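Understanding the architecture of this molecule
Single-letter residue listing:
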Amino acid sequence: MNLLPWMTLVFLLSAGSSFADVDVNWLTRIVNAIRTEYRINGQFCLAANIPLNHDPNRLNEVLQNDPYSRNVEDTLSGGDVYTGSSVVVAKPAGAVHAEAQVLKNLQPLISNSRNHFLLIYSYLSACGGKCTNPNNRFNILKDIEKNVIPYWTDAAFVFTRVFDKPKYGDAPTKDDLEQSLIQLGNTGLHLRNIFRCYKPQNLEFQCYSCSSQRKVADVCVENNIVPQKRGRSRSGSRDSTISRKRPRINQSDSSSSSSRSRSGSRSRSRSRSRSRNNNRG
């Protein structure tokens, strides 16, 4: 009997496996802590490698070698990608979006992926014209398939604002936005592990799954929607321990317009003038 090479067998087995579900409450606390530490204005992307079941109140232990006020801020100000021991952070650089820069530079985190949860956070949702367009050379689909899926069994893609107002071209339709999320989920992440973390009007900061009854949840394609249930994702909330469940992230940005400036300043100001430039570059 001919036996498959063991490396081929491992690949086939892993390719058929799926990510664990995320604990939404855990994810919400983790994302909130990340956003508190990395106070970055404008569009940016961050990947954080977090031990499974890690207490969100002790996240500083994970980030202690990568503080924003020291190395990260200076690196981003110089136009470079920050690659640390636990996080990779980038802002847009010309035609290359922040997500692509982060996902191409995950090597420092890959070496310690075992028993860790990978949080991929982008302030703006992935755009359909470039990020999730398989025909665009700067798409992030291939980067997720190559640098995330083979190494992590627990991961989530999280965003705060829906990218619905590009600087150039027509605004995406609701169907365009849904298809972009579906393409992102088809990388192996799965739609249920994509979250919008934000602060709806008159509600607390919370993460919501983009999967609702096997379809894309409205909360992930409509910026001003107010979820019906508080503190739950649209696919159902889970308890606060992450027992192999992927976190669902909610972001505390209650701005009313989704202007996404990929080329520069994506202001997170919480002033009443929340209008943002939604350009991805």
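Since this is a predicted model, take the numbers as computed values, not measurements. (Residues numbered from 1 in each chain as written. Predicted model: local features only at pLDDT ≥ 70, side-chain atom pairs only at ≥ 80, totals over all residues. Heavy atoms only, no water.)

1. With respect to unusual backbone geometry
Unlike most non-glycine residues, Asn53 shows phi in positive territory, near 65°. One non-glycine residue, Asn115, lies in the positive phi region at around 60°. The topology assignment puts Asn115 in the loop between helix H6 (107-110) and strand E4 (116-124). Residue Asn115 is classed as exposed on the basis of its relative accessible area of 53%. (Helix = DSSP H or I, 4+ residues; strand = E, 2+ residues; numbered from the N terminus. Buried < 20%, exposed > 50% of the residue type's maximum accessible area, 1.4 Å probe, protein only.)

2. Description of the packing of aromatic side chains
One pass over the structure, following the stated rule, counts 4 aromatic pairs. Centre to centre, the rings of Phe44 and Tyr121 are 5.6 Å apart; their planes meet at 50°, and the pair counts as tilted. Of the two residues, Phe44 is situated in the loop between helix H2 (24-37) and strand E1 (45-51) and Tyr121 in strand E4; the sequence distance between them amounts to 77 residues. A cation sits over an aromatic face here: Arg196 above Tyr198, 3.6 Å from the ring centre. (Phe/Tyr/Trp six-rings, centres within 6.5 Å; stacked < 30°, edge-to-face > 60°. Lys NZ or Arg CZ within 6 Å of the ring centre and 35° of its normal.)

3. Describing the pairing of E4
A large share of E4 lies buried, amounting to 9 of its 9 residues. Pairing geometry for E1 and E4, over 7 bridges, is antiparallel. Of the residues in E4, the one forming a bridge with Cys45 is Ser122. The sheet contact formed by E4 and strand E5 (residues 155-161) spans 6 bridges and is parallel. In the strand pairing of E5, Ile120 is matched with Phe157. Traced from E4 through helix H7 (residues 141-147) to E5, the parallel crossover comes out right-handed. (Pairing = 2+ DSSP bridges. Right-handed = clockwise from strand over helix to strand, strands pointing away.)

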